[in-house]
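Structural overview for review
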Amino acid sequence: MQQHYDAIFRGGEVIDGTGAVRFTADVGVIGERIAAIGDLGHARGTTEIDATGRIVAPGFIDSHTHDDAFVLTSPDVEPKICQGVTTVIAGNCGISLAPLVAEREVPQPLDLLGAWDTFRFPSFAAYLSALDASPAAVNTAALVGHSTLRVRHMTSLTRPASTREVAAMAADVHEALSVGAFGVSSGTFYPPAIAATQQELIEVCAPMRKLGGVFATHLRDETAHIMDSLEEAFAIGRALDVRVVLSHHKVAGKENHGRSAQTLARIDAQRAVQPLCLDCHPYPATSTMLRADRIRQSSRVMLAWSKARPDLAGRDFHELLPLFDNSIDAAIEALRPAGAIYFVMDENDVERIFRHPLTMVGSDGLPNDTIPHPRLWGTFPRVLGEFSRERGLFSLETAVRKMTGLTAEQFGLRERGLLREGYFADIVVFDAQRVIDKATFSEPTLRPEGISEVFVAGQAVLRDGRPTGARPGRALRRVAGAQSNQQGKEQS
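Residues numbered from 1 in each chain as written. Predicted model: local features only at pLDDT ≥ 70, side-chain atom pairs only at ≥ 80, totals over all residues. Heavy atoms only, no water.

All right, on to unusual backbone geometry then. At the junction of glutamine 108 and proline 109, the peptide bond is cis and its omega measures out at 10° in the coordinates. Along the chain, proline 109 turns up in the loop between strand S8 (100-101) and strand S9 (120-121). Omega for the bond connecting arginine 336 with proline 337 falls within 30 degrees of zero, at -5°, which places this linkage in the cis form. Inspection of the secondary structure assignment puts proline 337 in the loop between helix H12 (328-335) and strand S18 (338-343). The backbone phi angle of cysteine 93 is positive, close to 60°, even though this residue is not glycine. Along the chain, cysteine 93 turns up in the loop between strand S7 (85-90) and S8. Although it is not a glycine, aspartate 325 sits at a positive phi angle of roughly 55°. (Helix = DSSP H or I, 4+ residues; strand = E, 2+ residues; numbered from the N terminus.)

All right, on to the nonpolar core then. In terms of nonpolar packing, the biggest core is built from 135 residues, with Tyr127, Leu246, Leu290, Phe317, Leu384, Leu413 and Phe430 touching the most fellow members. Broken down by element, this core gets its largest block of residues, seven residues, from helix H8 (residues 226-240). Look past the residues within four positions of leucine 384 in its chain and what remains in contact with it is Phe60, Arg389, Leu396, Ala399, Val400, Met403, Phe430 and Val435. (Core = buried A, V, L, I, M, F, W, Y, C linked by side-chain atoms within 4.5 Å. Buried < 20%, exposed > 50% of the residue type's maximum accessible area, 1.4 Å probe, protein only. Contact = heavy atoms within 4.5 Å.)

Quick look at the sheet that holds strand S12 (residues 183-187) now. Reading across the sheet, the six strands line up as S11-S12-S13-S14-S15-S19 and stay open at both edges, with parallel pairing between neighbours. Of all strands in the sheet, those bounded by a partner on one side alone are strand S11 (144-145) and strand S19 (359-361). Strand direction decides the pairing type here: strand S15 (residues 276-280) and S19, joined by three bridges, are parallel. Across the sheet, leucine 278 pairs through a bridge with threonine 359, a residue of S19. (Pairing = 2+ DSSP bridges.)

Take helix H14 (residues 375-390) next. In this model H14 runs just 18 Å from its N-terminal to its C-terminal C-alpha over 16 residues, more than 12% under the 22 Å that 1.5 Å per residue would give. In H14, a bend of some 55° at arginine 382 exceeds every other bend along the element. With 13 of its 16 residues buried, H14 lies for the most part within the structure. Directly after H14, the chain includes glycine 392, whose backbone phi takes a positive value near 70°. (Expected span 1.5 Å × (residues − 1). Bend = angle between axes of the 7 residues up to and from the residue.)

In this section: the sheet that holds S18. Taking strand neighbours across the sheet as the criterion, the three strands line up as S16-S18-S17 in an open arrangement whose pairing is antiparallel. In the strand order of this sheet, the two ends are held by strand S16 (285-289) and strand S17 (300-306), each with one partner. Pairs of neighbouring strands in the sheet enclose a mean axial angle of 20°, with direction left out of account. Direction of pairing for S17 relative to S18: antiparallel, over a ladder of six bridges. By the bridge assignment, leucine 303 is partnered in S18 with alanine 340. (Axes fitted to C-alpha atoms, helices over the stretch in contact; angles between N-to-C directions.)

Moving on to the pattern of salt bridges. Counting across every chain of the model gives 38 salt bridges. When the shortest N-O distance is used, the salt bridge between arginine 271 and aspartate 268 registers 2.8 Å. (Salt bridge = Lys/Arg side-chain N within 4 Å of Asp/Glu carboxyl O.)

Where H8 contacts helix H9 (residues 260-270), the axes come no closer than 11 Å and their chain directions differ by 20°. Considered as vectors, H8 and H9 are oriented roughly parallel to each other. Crossing handedness for the pair H8 and H9: right-handed. Across from Ile226, Met227, Leu230, Glu231, Phe234 and Arg238 in H8, the residues of H9 making contact are Gln262, Thr263, Arg266, Ile267 and Gln270. (Parallel < 35°, antiparallel > 145°, perpendicular 65-115°, else oblique. Left-handed = near helix turned anticlockwise from the far one by under 90°.)

Enumeration according to the criterion identifies zero disulfides in this entry. Summary of cysteine pairing: cysteine 277 is not part of a disulfide, and the nearest cysteine sulfur, belonging to cysteine 280, is at 13 Å. (Disulfide = S-S within 2.5 Å.)

The next subject is the side chain of threonine 286. Its place among the elements puts threonine 286 in strand S16. For threonine 286, a relative accessible area of 5% gives the class buried. The residues contacting threonine 286, other than those within four sequence positions of it, are Lys250, His281, Arg294, Ala340, Ile341, Tyr342, Val344, Met345, His373 and Arg375.

Turning next to the packing of H9 against helix H13 (residues 347-355). Relative orientation of the contacting elements H9 and H13 amounts to 20°, with a least axis distance of 9 Å. Classified by the interaxial angle, the pair formed by H9 and H13 is roughly parallel. Considering the relative orientation of H9 and H13, their crossing is right-handed. Here H9 contributes Ser260, Ala261 and Leu264 to the contact with H13, which in turn contributes Asp349, Arg352 and Ile353. For the contact of H9 with H13, a count of residues per class yields three nonpolar, one polar and two charged. (Nonpolar A, V, L, I, M, F, W, Y, C, P; charged D, E, K, R; others polar.)

Those residues of helix H3 (residues 124-133) that fall on the buried side of the exposure criterion are Phe124, Tyr127, Leu128, Ala130 and Leu131. Along H3, the residues classed as buried sweep out an arc of 155° about the axis, all on the same side. Residues of H3 that are buried sit in contact with helix H1 (70-73), S9, strand S10 (139-142), S11, helix H5 (163-179) and strand S24 (477-478). (Arc of directions from axis to C-beta.)

Quick look at the side chain of lysine 80 now. Here lysine 80 lies in helix H2 (residues 78-81). Among the polar contacts listed, one links the side chain of lysine 80 to the side chain of aspartate 62, at a separation of 3.2 Å. Those residues in contact with lysine 80 that sit more than four places away from it in its chain are Asp62, Thr65, Asp67, Val85, Val88, Val138, Ser363 and Leu376. (Polar contact = N/O pair within 3.5 Å; in protein donor to acceptor, adjacent residues only side chain to side chain.)

On to the environment of leucine 278. Secondary-structure assignment places leucine 278 in strand S15. Sequence separation of leucine 278 and isoleucine 353 is 75 residues, and the distance between their C-alpha atoms is 8.9 Å. Beyond its immediate stretch of four places on either side in the chain, leucine 278 contacts Leu246, His249, Leu264, Ile267, Ile353, His356, Leu358, Thr359 and Met360.

Have a look at this one:
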């Protein structure tokens, strides 16, 4: 009897996400799973895709996003599926959509996720249930944010939390981990959490000692005091006995360019005694709320959005200063709330960090910005086309691993991130010679080229480079109790 599949990818060069050398094979899908990899001969598929001359790889996993609300408000998530992304990690930098019910404007940077009325989830379980009820085109694995918890429970954000407030936040962490959160994120770089102490973070995250998860952190300082900030992150991870994810690792500010050699050496020494990993995006500019220290550290600043002056979005910040008596502080006051793109890193540091064997790919894109950073639309094809093919920083197999198997392993995304029989059929097909980002700082929403097919759980969300409108994504849930220094457990 002739074997039948729901979909067959024929004759492609399979890069399986492990880092192993590519091989030619067919990939057969039945339902939501990969059923066979090999020579499928005369088998037939309801959908047949000729992948000859192209790469067949696991769907990409965006290790660092702020898509918490975006997957609900724009469930087609075109910036992601056009890049081959099939799973996003949300809730980073201490900022998560849940648990928080806002009755007024939320403090920056929580507003990077959306307007105050998008914060409408009294528990993490309620947020996951909303994802279940309104599926997106991609899967979502979410962290719970420490800054969000501070906003939820504290009467003043300019001081350390009280014993009562710590207990309330820890209870929320326990609830989130119990229902499927993949860990906790922090962002002591940002105003809502600047006053938080190391001990506060350890006590708030204490449920992780039993329930597991990862501790993902936007370091307190990525400039002159970055080494001290690394030590703080290491200490928190050791106290909790969990994996530490160093978010969008960078050394910022002209005076710190080149220091990635020092930070990576310290990370390498420390990972001999505790589990660590890091993520990065392939650009020398970053983007976040408008703030004076970042402006002064940067060689160039672009205004990404301003609620008070939306007409100025996309303009060079320093060209705007004459409108505000040439005062940075006056400009910030007049434009806020606002966000900006900061050219604050050195290209050599970005390359060095990307070559590190434990660096994952995370876009850190902000989908609500009026003029977004091009990383929102271009991160993954840029790594494949610019960093791997054009610059030769690493092989294509290594590039794919950084955006698939490595990320699934570090976050504990079970049965994803690899092309393997029995795994979920999250699959991307791309042309290794054509794939490239097209988004630029002046035209940041241009779609990439060379990515033709994207499947999530066996359903096509991109065919011939065009979105299908299908929304097979799921709210992924981690099984509480799985230790984060091992391959975590996850259920869908």
